[in-house]
Amino acid sequence: MVTPDSLHPALPTSREGGIIFITGGARSGKSRYAQQLALQLSNAPVYVATARHWDDDFEKRIQRHQAERDERWTSIEEEKHISQLPFSDKVVVMDCVTLWLTNFFTDTKYDVDASLQQGKLEIDQLDTTNNTYIIISNELGMGMHAETEIGRKFTDLQGWMNQYIAQKANKVVFMVSGIAMTIKG
């Protein structure tokens, strides 16, 4: 049941460690909410960008996201192996699962099982004892049905990965029209 308090959950003021999973549709306010949360939890958060530089449009998106962060942020680009980044006692924003999974999906020649296995392994190996990971994702399955077989496969992959991360997360926030709704934690 949606209550007034669940529509505007308070941002935590102390670090707990673990995973905070933020999901929702395109342009729902996920990144802005994640960045505000990270700055509430740390004066020096880390931003892990998972996008490949596919084309000019992606380059513009990357530049726009970079412009949204000030000097307090450390930015790292890592396409796939997020668990191998040397973090200790950090607040880390990972943006985003969809682009991250796309890297596995294309590298495995669209093998859903192999991509899911590799993604789960990375999530399992995150050091959530010493770090807080704020992981951003998209809810692709709530939109239109994909026209292509590869699109449908990726939508399935994304849905299964979202379920996996949400199950492991301490807190799950669903963003709708810029409004954060806590659905777990």
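The following refers to the structure shown. Only a predicted model underlies this, so the values are computations on that prediction, with no experimental measurement involved. Note on numbering: residues in each chain are counted from 1, in written sequence order. Totals for whole chains, interfaces and linings use every residue, but because this is a predicted model, local features are given only for residues with pLDDT of at least 70 and side-chain atom pairs only at 80 or more, for both listing and counting. As a rule here, side-chain values cover all heavy atoms of the structure and leave hydrogens and water aside.

### Concerning the pattern of salt bridges
Here is step 1 of the chain: Salt-bridge detection follows one rule: a side-chain nitrogen of Lys or Arg within 4 Å of a carboxyl oxygen of Asp or Glu. What the rule picks out here adds up to three salt bridges.
Here is step 2 of the chain: Arg72 serves as the salt-bridge partner of Asp70, at 2.6 Å between the closest nitrogen and oxygen.
Here is step 3 of the chain: The rule is simple: take the accessible area with a 1.4 Å probe, protein chains only, and divide by the maximum for that residue type; under 20% is buried, over 50% is exposed, in between is partly exposed. Assessed through its relative accessible area of 30%, Asp70 is described here as partly exposed.
Here is step 4 of the chain: We note a salt bridge from Asp124 to Lys168, for which the minimum N-O separation is 3.4 Å. One end of the pair, Asp124, is in helix α5 (residues 112-124); the other, Lys168, is in helix α6 (residues 149-168), with 44 residues separating them in the sequence.
Here is step 5 of the chain: Relative accessible area serves as the criterion here: at 36%, Lys168 is assigned to the partly exposed category. Only DSSP runs of H or I with at least four residues qualify as helices, and only runs of E with at least two residues qualify as strands; both kinds are numbered from the N terminus onward.

### Side note on the environment of Gly24
Here is step 1 of the chain: Here Gly24 lies in strand β1 (residues 18-24).
Here is step 2 of the chain: For Gly24 and Ser137, which are 113 residues apart along the polypeptide, the C-alpha to C-alpha distance reads 6.9 Å.

### Focus on the packing of aromatic side chains
Here is step 1 of the chain: For this analysis, a ring pair means two rings from Phe, Tyr or Trp (six-membered ring only for Trp) whose centres lie within 6.5 Å, classed as stacked if their planes differ by under 30 degrees, edge-to-face if by over 60, and tilted for the remaining angles. Across all of its chains, the model carries five aromatic pairs by this definition.
Here is step 2 of the chain: Both rings, one in Trp100 and one in Phe104, keep their centres 5.2 Å apart while their planes meet at 80 degrees; by these two values the pair is edge-to-face. Of this pair, Trp100 and Phe104 both sit in helix α4 (residues 97-107), separated by four residues, roughly a single helical turn. Across the pair, Phe104 and Trp100 agree in class, each one buried.
Here is step 3 of the chain: Among the aromatic residues, those joined into a ring-pair cluster are Phe105, Tyr110 and Phe154.
Here is step 4 of the chain: Look at NZ for Lys and CZ for Arg. If either is within 6 Å of the ring centre and within 35 degrees of the ring normal, a charge sits over the ring. Positioned over the ring face of Tyr47 is Arg69, at 3.4 Å from the centre of the ring.

### Quick notes on the layout of surface pockets
Over the atoms, a rolling probe the size of a water molecule traces out where space has been left empty.
Here is step 1 of the chain: Grid spacing is 1 Å over the protein atoms alone, the probe is 1.4 Å, and a cavity is where that probe fits but cannot get out, while a pocket is an open set with protein on both sides within 12 Å along at least five of seven lines and lining residues have an atom within 4 Å of a point. Grid points are joined across faces, edges and corners, and a volume is the space filled by probe spheres set on the points. Quantified by volume, the largest pocket comes out at close to 1000 Å³.
Here is step 2 of the chain: In this structure, the largest pocket is lined by 39 residues; those nearest its centre are Arg27, Arg61, Cys96, Leu99 and Asn138.
Here is step 3 of the chain: Broken down by secondary-structure element, the contributors of at least two residues to the lining of the largest pocket are α2 (30-41), β2 (46-49), α3 (56-67), β3 (74-77), α4, β5 (132-138) and α6.
Here is step 4 of the chain: Looking at the lining of the largest pocket, the element that brings in the most residues is α3, giving seven residues.
Here is step 5 of the chain: Each residue gets one label: Ala, Val, Leu, Ile, Met, Phe, Trp, Tyr, Cys and Pro are nonpolar, Asp, Glu, Lys and Arg are charged, and the others, such as Gly, are polar. In terms of residue class, the lining of the largest pocket is built from 16 nonpolar, 13 polar and ten charged.
Here is step 6 of the chain: Taken as a whole, the second largest pocket holds about 150 Å³ of empty space.
Here is step 7 of the chain: As for the second largest pocket, its lining consists of Leu140, Gly141, Gly143, Met144, His145, Ala146, Arg152, Thr155 and Asp156.
Here is step 8 of the chain: Partitioning the lining of the second largest pocket into residue classes produces three nonpolar, four polar and two charged.

### Some thoughts on the pairing of β2
Here is step 1 of the chain: If DSSP finds at least two bridges between two strands, the strands pair. In the sheet, β2 pairs with β3 via four bridges, with the strands oriented parallel. From the neighbouring strand, Ala49 faces β3, where its bridge partner is Glu77.
Here is step 2 of the chain: Bridge count for β2 against strand β4 (residues 91-95) is four bridges, and the pairing is parallel. In the strand pairing of β4, Val46 is matched with Val92.

### Considerations on unusual backbone geometry
Here is step 1 of the chain: The omega torsion of the bond from Asp95 to Cys96 falls at 5 degrees, within 30 degrees of zero and hence cis.
Here is step 2 of the chain: With respect to the helices and strands, the residue Cys96 is situated in the loop between β4 and α4.
Here is step 3 of the chain: Of note, the phi angle at Arg27 is positive, near 60 degrees, even though the residue is not glycine.
Here is step 4 of the chain: Relative to the helices and strands, Arg27 is located in the loop between β1 and α2.
Here is step 5 of the chain: We note that Asp89 has phi near 60 degrees; this positive angle belongs to a residue other than glycine.
Here is step 6 of the chain: Here Asp89 lies in the loop between β3 and β4.

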